[in-house]
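# Chain and residue survey
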Amino acid sequence: MGCCQSSDDSESVNEMAPSQVPDPELPGEEKVVAKVEKNLAFSQKVSKEFIKCLKSEALNNALSAPQLKRAFFELKIPDSEMNNPDSRTFVLLANFKNEKKLYDLQKLTLLGVLLGKGDLQEKAEWLFKQYDLDASGMLDKSEVTNMLNALLEVSCEILPKVSVGSSAELISKESCNEYVSSLQAGKDSLISSVINELMQEEEISLSEFKMKLSGPGNLSKVLTSTGCRSLAYKAMI
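Here we summarise the structure given alongside this text. From a predicted model like this one, the values you see are computed outputs, not experimental measurements.

## With respect to the overall build of the chain
Of the regular secondary structure elements, the chain holds 12 helices and four strands. Scored against the burial criterion, the 237 residues of the chain give a buried share of 48%. Partitioning the contacts of the chain with sequence separation of at least 6, the portion at a separation of at least 24 is 72%. Counting only carbon and sulfur atoms, one obtains 49% of the accessible surface of the chain, whose full area is about 11700 Å².

## A closer look at the nonpolar core
Most often, soluble globular proteins keep nonpolar side chains buried together rather than apart. Membership of the largest hydrophobic core comes to 69 residues, with the highest contact counts inside it found for Leu111, Leu127 and Phe209. Here this core takes 10 residues from helix α8 (residues 141-161), the largest share from any one element. Other than its neighbours up to four places away in sequence, Phe209 contacts Ala124, Leu127, Phe128, Leu139, Met147, Leu198 and Ile204.

## Notes on helix α6 (residues 105-115)
In terms of residue burial, α6 counts as a mostly covered element, since nine of its 11 residues are buried. Burial in α6 covers these residues: Leu105, Leu108, Thr109, Leu110, Leu111, Gly112, Val113, Leu114 and Leu115. One side-chain oxygen at the N-terminal end of α6 lies 3.1 Å from the backbone nitrogen of Gln106; it belongs to Asp104.

## Some remarks on the pattern of salt bridges
Tallied over the entire structure, the rule returns 10 salt bridges. For Asp79, the salt bridge identified is with Lys69, shortest N-O distance 3.7 Å. Of this pair, Asp79 sits in helix α4 (residues 79-83) while Lys69 sits in helix α3 (residues 65-74), and the two are 10 residues apart along the sequence. For Asp79, a relative accessible area of 37% gives the class partly exposed. Between Glu125 and Lys129 there is a salt bridge; the shortest N-O distance is 2.9 Å. Remark: Lys129 and Glu125 occur in helix α7 (residues 120-131); sequence separation between them is four residues, near one turn of the helix. Residue Glu125 is classed as partly exposed on the basis of its relative accessible area, which comes to 24%. What makes Lys129 exposed here is its relative accessible area of 53%.

Calculation notes
Residues numbered from 1 in each chain as written. Predicted model: local features only at pLDDT ≥ 70, side-chain atom pairs only at ≥ 80, totals over all residues. Heavy atoms only, no water. Helix = DSSP H or I, 4+ residues; strand = E, 2+ residues; numbered from the N terminus. Buried < 20%, exposed > 50% of the residue type's maximum accessible area, 1.4 Å probe, protein only. Contact = heavy atoms within 4.5 Å. Areas by Shrake-Rupley, 256 points an atom, 1.4 Å probe, with all protein chains shown as cover. Core = buried A, V, L, I, M, F, W, Y, C linked by side-chain atoms within 4.5 Å. Polar contact = N/O pair within 3.5 Å; in protein donor to acceptor, adjacent residues only side chain to side chain. Salt bridge = Lys/Arg side-chain N within 4 Å of Asp/Glu carboxyl O.

Scope: geometric values only; no functional claims are made or implied.
Shown next, in the form of structure tokens:
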């Protein structure tokens, strides 16, 4: 198994300009969370290459530790990121293991969408195909709801917990739990709002999905972890 080599220097295109949608004033914990995310091993990887490398090693939608290690090698991520308990990547990966101690492929690939570099339309297309379970070429509201729940779980529950620690650069468990609770409080309202803005009918096509998620406005924010938290916090206020 294997895949193409990573292009860390590839330019991101079609990215949302920060001035398009002003963020609400988030708690101080967000600055720490965003900084930790930025320093994670795969945050500088190109989204489509990150996903491709993981999928090339996966079996039955899961990866063993050796399979994930091979994918990391292809992506030029050092072994220490996966094996050192002090690494924030190590802490993060622990949240993606199932009861068989295998890594969940679908959740891992969401990291490529939420943290990776790349074209917004490519990210939107991957999400669409991942959640178009019946391969109908359309997403219905239940499939979009499942997608949004998964994006928000990773962005608003799993990723903030990676910032917990005793050093001055991290946040306490209590502060993290309070922040996560505030984000979760806005989740249902946010999902309803996104679906209403995204879907005029009971189903949405790939072309329309890509257009809306890569255009200006709030919808494109669901393709980044910081954007998801901004929207969730705003929905809670």
